Amino acid sequence: MRADRLIRIMILLQNNGQMTAKKLASELEVSDRTILRDMDALSLSGIPVVADRGKTGGWRLMDHFQSQLSGLKLEDMKALFILPSEKMLEDLGVQSYGSDIRQKLLASLPSSTNKEGRQYLEKIYLDTGSWKSSKVRNRTLLIVQQALWEEKKLNIMYQKANGVCSNRVVCPLGLVSKGSAWYLVALNENGEYRNFRLSRIIQAEAAHEGFTRPEHFNLSDYWKQSKLDFTESLPSYEVKVLADPTIMGRLTFTDKFVEKVSEDVQLKGRSVLVTLNFNTEQEAVTYVLGFGGAMKLVEPEYLIEKIVQQAKSVIEMYDKDQLK
């Protein structure tokens, strides 16, 4: 514990130039007296720490001293400064020390590039969690992760989007975090690559039997190609709607596969003619109805009748409730 603290003191002084004992004590969550003892220890070990007295004084390293914790250059380190989000690390059961890690990276840079590296520390922060975070720990993710590390087969119960459940035996090859969701990439019983959304794995248990990981499998390359294949295979259903200008910013703020293709000038007063793409006809109907009177379907005309019928069904449902 003390050795780790001494290294952190060196890093803090190297990155900040000069710090008071009180500030160091606050950063390291120890007493001022402990910091003074640590400074003696550093000095005895040959680290040139000096104390400047006065209102603007504090502890600092001698100007000629520069600790080299790594041989990496700034260009190599840029990606390392942008760490995964804390939410992602927590999901994996990894305790996050993101700030300390990046401070150590900064300390390894020469003063000429330290300032440029600091920008990546101070100006970029990744948050992949939702606005309302869940306190429930994803036990399934931890089970899958353990099987992944040990290269053990997994027995899972998987629920498809239509609600149908099935038991499967898979060989876990990797975990992918996309947005706020986790996906398991695995080989199925037939040796085929498949993607499984973690939230749809109802049960998971590591088997005793191991497996041999494919020699040339690359997770990032596979995922990029898989995502490309998926998006290209999606059907396209185009509609034209008149949208109120007040909802223009919300048109694609949805988890549905809707794409705003084009937007024309304002027509018929305040409405804007917009072309939208969906996967299915039913998705288009549900989407248009969801905006109520702020959106009106223009094309295809045959779909207007379906929207009217579904709207009538909703009205009838509430009319029946009022008659009870």
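Cut-offs and rules
- Residues numbered from 1 in each chain as written.
- Predicted model: local features only at pLDDT ≥ 70, side-chain atom pairs only at ≥ 80, totals over all residues.
- Heavy atoms only, no water.
- Pairing = 2+ DSSP bridges.
- Helix = DSSP H or I, 4+ residues; strand = E, 2+ residues; numbered from the N terminus.
- Phe/Tyr/Trp six-rings, centres within 6.5 Å; stacked < 30°, edge-to-face > 60°.
- Buried < 20%, exposed > 50% of the residue type's maximum accessible area, 1.4 Å probe, protein only.

## What to know about the sheet that holds strand S1 (residues 18–19)
And then number 1: Read from one edge of the open sheet, three strands run S1-S3-S2, paired in antiparallel fashion. Here the strands that pair on one side only, and so sit at the sheet edges, are S1 and strand S2 (49–52).
And then number 2: Where S2 lies against strand S3 (residues 58–61), four bridges are found, and the strand directions are antiparallel. From the neighbouring strand, alanine 51 faces S3, where its bridge partner is tryptophan 59.

## Description of the packing of aromatic side chains
And then number 1: Applying the stated rule across the entire model yields seven aromatic pairs.
And then number 2: Their ring planes at 45° and their centres at 5.5 Å tell us that tyrosine 183 and tryptophan 223 sit as a pair that is tilted. One end of the pair, tyrosine 183, is in strand S6 (residues 181–187); the other, tryptophan 223, is in helix H9 (residues 219–233), and 40 residues separate them in sequence.
And then number 3: The buried category is assigned to tryptophan 223, whose relative accessible area is 14%.
And then number 4: Note on phenylalanine 217 and tyrosine 222: the rings are 5.7 Å apart at their centroids and 45° apart in plane angle, and the pair reads as tilted. Grouping residues by exposure puts phenylalanine 217 and tyrosine 222 together as buried.
And then number 5: Through a chain of ring-to-ring contacts, three or more aromatic side chains come together here, namely Tyr193, Phe217 and Tyr222.

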